[in-house]
Amino acid sequence: MVPLVLAGLLAAELGRTMLRGGPQAAAATITPQAVGIKLFTTDLAAVELASMLLLAGLVAAFHLGRRGP
């Protein structure tokens with residue numbers, strides 16, 4: 001049920017964007033430097049959380065994928 005709701009929200013947002021004139025209507029020029037500054041200043045906690053989750057997934061995949069005891 002949850003994936004259905006999320007897919008519906010995504011479809012609604014896509015429809016709303018298309019009615020406003022596409023993604024170019026609200027697009028602004030964003031440089032890689034601006035993304036880096038944003039990620040490592042105000043959004044540092046989110047980056048660290050994502051890195052911990054990725055590391056946990058990597059460790060889990062290693063343990064599930066290895067053969068033998």
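See the structure shown above.
Residues numbered from 1 in each chain as written. Predicted model: local features only at pLDDT ≥ 70, side-chain atom pairs only at ≥ 80, totals over all residues. Heavy atoms only, no water.

Draft legend 1. Focus on the overall build of the protein. A count of helices and strands for the protein gives 3 helices and 0 strands. If you list the helices and strands of the protein from N to C, you get α-α-α. A buried classification covers 3% of the 69 residues belonging to the protein. Roughly 6,300 Å² of accessible area belongs to the protein as shown, and the carbon and sulfur atoms make up 74% of that amount. (Helix = DSSP H or I, 4+ residues; strand = E, 2+ residues; numbered from the N terminus. Buried < 20%, exposed > 50% of the residue type's maximum accessible area, 1.4 Å probe, protein only. Areas by Shrake-Rupley, 256 points an atom, 1.4 Å probe, with all protein chains shown as cover.)

Draft legend 2. Local environment of helix α3 (residues 44-65). The end-to-end C-alpha separation of α3 is 31 Å, in line with the 32 Å expected for 22 residues at 1.5 Å each. Taken across its 22 residues, α3 has 0 buried, putting it largely on the surface. (Expected span 1.5 Å × (residues − 1).)

Draft legend 3. Representation of a nonpolar patch on the surface. A surface patch of nonpolar side chains, about 690 Å² in accessible area, is lined by M1, V2, L4, V5, L6 and L9. Tracing the sequence through the fold places V5 in helix α1 (residues 2-19). Judged by its relative accessible area of 47%, V5 is partly exposed. (Patch = residues over 30% accessible without salt bridge, like charges linked within 9 Å, V, L, I, M, F, W, Y side chains within 5 Å. Salt bridge = Lys/Arg side-chain N within 4 Å of Asp/Glu carboxyl O.)

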